[in-house]
Amino acid sequence: LKQRGLDDEATLKRLRIGFADRSLGLRLPHKNRAAGADIRARLTRLGIYRESGHEHLNGCLIVPIMGEQGEITELYGRRLDDGGKTGIKHLYLPGPHVGIFNAAALNEPEVILCEALLDALTFLAAGFANVTTIYGTEGFTDELFEALKRRKVQRVKLAYDADDAGERAATRDAEKLRSIGIEVYRVKFPWGMDANEYARKVTPSAQSLRLLINGAAWLGGSAAKADTSKNGS
C-alpha cells in the first residue's frame, strides 16, 4: 500500500481494509466443537473457506464491498505475490458480484468509474470522493447499471486502463451508459498506464489526476448535448 501511495491510515480504517494472513482459524471456536463446526460450515458456504479447509483469500490485501446499511456483500482480494504459481492476482468470493464499492459516489451528478478497486482507491486517496469501480473489464454489473440509472447520475468519466482491454471495455460501457441518457467521457492515461501508476509517476497526484479528469474526452450522451449538436451550436 505504501508503494502504491495508498497507506493513509484514516482511509484504511474507514474502508475496513485488511490482510488475510491464514490466522482466521485461530480466532474461531475449535472445529471439534459444535460452534466451531457451524461457523466453518457457514464460512465455506460463503466461499471464505474452500472445501479443502484453506482460506480462499489467504495472502491477499482485503477490501470489503459494503452495502448501504454497512453490511459486507463482497470481498476483493489482491494477492501480494502477484498470483504466485497460478498467476491469478485478483480474487473475489465465488458467485456473482454483489454490491457497489463506495456507493455514496452515486449520489453525485458526476461519477468517476474505474476498472479496478486499487484505481478507485487511488482517486479516493487523492481527494476524489465521487469514484466507484467495476469488477475488471468484464465486471460491469446489472446492479451498478440500475443504480446509475436510478440515482440520476448525469455524467460518468471512464478511468479505465490505457490498454486494449480497457479501450474495448470503455467503448462497450460508454454505449450502455449513453442508452440511459448519461453523458460519458474517457479519461486518457498515457498508453500502458492505469490510474495508480499514473498517480505515482506524475505528482502531486491530486493535481495530475484532476487535470486528466477535467480534460477527459467526450464520448457522447445526454439529450441536452444531442439537441445542441443538432442545432449546430
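Check the entry above for the structure.
Residues numbered from 1 in each chain as written. Predicted model: local features only at pLDDT ≥ 70, side-chain atom pairs only at ≥ 80, totals over all residues. Heavy atoms only, no water.

Enquirer: I'm lost on the packing of aromatic side chains in this one. Help?
Expert: Two aromatic rings, taken as a pair, are described by how far apart their centres are and by the angle between their planes. What the rule picks out here adds up to four aromatic pairs. Seen in terms of ring centroids, Phe-123 and Phe-128 are 5.7 Å apart; in terms of plane orientation they differ by 80°. Their pairing is edge-to-face. Taking the relative accessible area as the measure of exposure, Phe-123 reaches 0% and is therefore buried. Here the basic side chain of Lys-157 rests over the ring of Tyr-185, its NZ or CZ set 5.1 Å away from the ring centre. (Phe/Tyr/Trp six-rings, centres within 6.5 Å; stacked < 30°, edge-to-face > 60°. Buried < 20%, exposed > 50% of the residue type's maximum accessible area, 1.4 Å probe, protein only. Lys NZ or Arg CZ within 6 Å of the ring centre and 35° of its normal.)

Enquirer: Got a minute to help me understand unusual backbone geometry in this structure?
Expert: Trans is the prevailing form of peptide bonds, just as negative phi is the prevailing case for residues other than glycine. The linkage connecting Thr-203 with the following residue, Pro-204, adopts the cis geometry, with an omega of 0°. Among the structural elements, Pro-204 can be located in the loop between helix H6 (195-201) and helix H7 (205-214). One non-glycine residue, Arg-16, lies in positive phi territory at about 60°. Take Arg-16: it is sitting in the loop between helix H1 (9-14) and strand E1 (18-19). Positive phi, close to 50°, is recorded for Asn-102, a residue that is not glycine. (Helix = DSSP H or I, 4+ residues; strand = E, 2+ residues; numbered from the N terminus.)

Enquirer: How should the pattern of salt bridges be read in this particular structure?
Expert: When the charged atoms of two side chains lie near each other, side chains of opposite charge can form a pair. This structure, assessed with the given rule, holds ten salt bridges. Put simply, Arg-79 and Asp-81 hold a salt bridge, and the shortest N to O gap is 2.7 Å. What makes Asp-81 partly exposed here is its relative accessible area of 42%. Here the residues in one salt-bridge network are Glu-110, Arg-155 and Lys-157, joined through shared partners. (Salt bridge = Lys/Arg side-chain N within 4 Å of Asp/Glu carboxyl O.)

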